[in-house]
Amino acid sequence: MAIISSRSDNNAPEPKRPKVTVQPEKQPEDRQEETLRPKGLEEYVGQKALKAVLGVAIKAAKSRQESLDHLLFYGPPGLGKTSISLILAREMGVNIHLTTAPALERPRDIAGLLVKLQRGDILFIDEIHRLPRITEEILYPAMEDFRLDVTVGKGQTAKITSVPLPRFTLIGATTRSGSLSAPLRDRFGLLQALRFYEVDELATIVRRNAGLLKVPIDDAGALEIGRRARGTPRIANRLLKRVRDYAQVEGDGVITEAIACQALELYEVDPRGLDWTDRRLLQILIEHYNGGPTGLEALAAATGEESQTIEEVYEPYLIQIGYLLRSARGRMASAAAYKHLGYEPPKRFEQASFLDGIDPLGLRN
Ligand code: ADP
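Below you will find a few notes about this structure. Remember, it's a predicted structure, so these values are computed and weren't measured experimentally.

A word on the overall build of the protein chain
Then, number 1: Along its length, the protein chain carries 15 helices and 10 strands.
Then, number 2: Principal-axis analysis of the C-alpha atoms gives the protein chain an extent of 70 × 50 × 40 Å.
Then, number 3: For the protein chain, the proportion of its 365 residues judged to be buried stands at 52%.
Then, number 4: Sequence-distant contacts, at least 24 apart, represent 69% of the contacts inside the protein chain between residues at least 6 apart.
Then, number 5: By element, 51% of the accessible surface of the protein chain is carried by carbon and sulfur atoms, the whole surface being about 17400 Å².

This is how it looks when you write it as structure tokens:
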């Protein structure tokens, strides 16, 4: 299997903040990520439902000697969309070409990739919701009829010529499946969500990766890192590296629960994995808006964050752990969020009429 990458995200500039970043987008500090990727399905922890569906798809495609159906993976960053795609290529014994939508601005960018494909190859497009319309339209006949339509000439003499393509599999990865156009979404045979990981699954990932990094770690240390990793393997890897540094400088190199706690306190990652911005967001909601509900725009203005950043980066995990609630009337802090930040939850949380079909008591916690 060859991995052909035309992604450009590894060249991003260094962030100005010195702290460990607990937000899940790929950061320059994740450069070493490739060494920690699970190599096969057996190393890919969790995501049971996803693995079951893919297991069937792989067997069926192999028995028919066909390529896999086009696949769309959606879910927050860092949950393993790229990793599972690389594993799929390995299992199928095919090449995988990695790219990202922002690198496909011009039609010739995508056309150039398509003509290089060999039978059965996988083309992986990250952030596929960001494809420009014009590029997306080239994909429609390519996905459906394995055909590349090229316009030859200009103006009234322009003609469309079709070039046949080998059967290939397109894997799209996105954090916003709702932003995909219907024609593109409809051309995927399988749409699979990736979910946040449980603490014990993250601890398993941490233990394995500590082994790869040759850092001694005990079970309680791995669990503590897992607890603070926001359900996200990428963040677990990042925290592991920071705790390793701390263990080497302040301890005897071994990661224990105490060392993990001390290190992550130093990096301002709290016991639920919240960082300074998460806490500030909830604090503003509680102190300025009496816990909400308040609109996203108002919250963005008060915190100085972009509303899109709040929606895509901060909210998913806060909602997942039941600290933030989203209703038609706006964002609300749950009783659990009040308690976590040391506030007394207001009495109104106890009134059933206030529940409005959501979970302000944070009972899912
Ligand atoms: P995404 O493409 O969803 O942003 P990645 O596949 O790049 O996420 O995952 C980031 C890192 O997290 C990987 O390099 C790997 O170390 C780790 N990882 C993700 N999912 C898993 C998993 N299921 N099991 C083990 N490690 C994982």
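Text resumes after the structure shown.
Observations concerning helix α8 (residues 219-227)
Then, number 1: When we look at burial in α8, the residues that qualify are Gly221, Ala222, Glu224, Ile225 and Gly226.
Then, number 2: Residues of α8 that are buried in the fold lie against α7 (199-212), α9 (233-250) and α10 (257-266).

With respect to the pattern of salt bridges
Then, number 1: Per the counting criterion, the structure on display carries 21 salt bridges.
Then, number 2: With a closest N to O distance of 3.1 Å, Asp145 and Arg147 form a salt bridge.
Then, number 3: Asp145 sits in the partly exposed class, given a relative accessible area of 43%.
Then, number 4: Between Arg331 and Glu311 there is a salt bridge whose closest N-O contact spans 3.9 Å. With Arg331 in strand β10 (residues 330-333) and Glu311 in helix α13 (residues 307-320), this pair connects stretches of sequence that are 20 residues apart.
Then, number 5: Connected through salt bridges with shared partners, the residues Glu311, Glu315, Arg326 and Arg331 form a single ionic network.

Here's the deal with the nonpolar core
Then, number 1: Grouped together as the largest cluster of nonpolar side chains are 77 residues, with contacts concentrated most on Phe73, Leu88, Ile225 and Ile255.
Then, number 2: At 7 residues, α9 tops the list of elements feeding residues into this core.
Then, number 3: Residues in contact with Phe73, not counting those within four places in the same chain, are Leu50, Leu54, Lys81, Ile84, Ser85, Leu88, Ile171, Gly172, Ala173, Thr174, Gln192 and Leu194.

Quick word on unusual backbone geometry
Then, number 1: The peptide bond linking Gly292 to Pro293 adopts the cis configuration, its omega dihedral lying at 5°.
Then, number 2: Looking at the secondary structure, you find Pro293 in the loop between α11 (276-289) and α12 (296-303).
Then, number 3: Of note, Asn290 is a non-glycine position whose phi angle comes to about 55°, a positive value.
Then, number 4: Checked against the element boundaries, Asn290 lands in the loop between α11 and α12.
Then, number 5: On the accessibility criterion, Asn290 (51% relative accessible area) is exposed.

Things to note about the packing of aromatic side chains
Then, number 1: One pass over the structure, following the stated rule, counts 3 aromatic pairs.
Then, number 2: Ring centres of Phe146 and Phe168 lie 5.6 Å apart, and the angle between their planes is 85°; on these two criteria the pair is classed as edge-to-face. Residue Phe146 is located in the loop between α5 (133-145) and β5 (147-152), and its partner Phe168 is located in the loop between β6 (159-164) and β7 (169-174); the two are separated by 22 residues in the primary sequence.
Then, number 3: Judged by its relative accessible area of 12%, Phe146 is buried.
Then, number 4: Judged by its relative accessible area of 1%, Phe168 falls in the buried class.

Topic: the packing of helix α2 (residues 48-63) against helix α3 (residues 81-92)
Then, number 1: Packing of α2 against α3 leaves a shortest axis separation of 11 Å and a crossing angle of 30°. Classified by the angle between their axes, α2 and α3 sit roughly parallel to one another. Like other packed secondary-structure pairs, α2 and α3 cross with a definite hand, here right-handed. Where α2 approaches α3, its residues Leu50, Leu54, Ile58, Ala61 and Lys62 are matched on the opposing element by Ile84, Leu88, Glu91 and Met92.
Then, number 2: Its residues placed into classes, the contact of α2 with α3 shows 7 nonpolar, no polar and 2 charged.

With respect to a nonpolar patch on the surface
Then, number 1: A cluster of nonpolar residues, Val150, Val152 and Val163, forms a patch on the protein surface that exposes about 190 Å² of accessible area.
Then, number 2: Here Val163 falls in the partly exposed class, since its relative accessible area comes to 31%.

Here's the deal with the site of the ligand
Then, number 1: The ligand sits among 19 residues. The nearest are Val45, Gly78, Lys81, Thr82 and Ser83.
Then, number 2: The contact in question runs from a nitrogen atom of the ligand to an N or O atom on the backbone of Val45, over 2.8 Å.
Then, number 3: Contact distances for the ligand include 2.9 Å between an oxygen atom and a side-chain N or O atom of Asn237.
Then, number 4: Burial of the ligand by the surrounding chains reaches 98%, relative to a free accessible area of 570 Å².
Then, number 5: Contributions of two or more residues to the shell around the ligand are made by α1 (33-36), α3 and α9.

Analysis parameters
- Residues numbered from 1 in each chain as written.
- Predicted model: local features only at pLDDT ≥ 70, side-chain atom pairs only at ≥ 80, totals over all residues.
- Heavy atoms only, no water.
- Helix = DSSP H or I, 4+ residues; strand = E, 2+ residues; numbered from the N terminus.
- Buried < 20%, exposed > 50% of the residue type's maximum accessible area, 1.4 Å probe, protein only.
- Contact = heavy atoms within 4.5 Å.
- Areas by Shrake-Rupley, 256 points an atom, 1.4 Å probe, with all protein chains shown as cover.
- Salt bridge = Lys/Arg side-chain N within 4 Å of Asp/Glu carboxyl O.
- Core = buried A, V, L, I, M, F, W, Y, C linked by side-chain atoms within 4.5 Å.
- Phe/Tyr/Trp six-rings, centres within 6.5 Å; stacked < 30°, edge-to-face > 60°.
- Axes fitted to C-alpha atoms, helices over the stretch in contact; angles between N-to-C directions.
- Parallel < 35°, antiparallel > 145°, perpendicular 65-115°, else oblique.
- Left-handed = near helix turned anticlockwise from the far one by under 90°.
- Nonpolar A, V, L, I, M, F, W, Y, C, P; charged D, E, K, R; others polar.
- Patch = residues over 30% accessible without salt bridge, like charges linked within 9 Å, V, L, I, M, F, W, Y side chains within 5 Å.
- Near = heavy atom within 4 Å.
- Polar contact = N/O pair within 3.5 Å; in protein donor to acceptor, adjacent residues only side chain to side chain.

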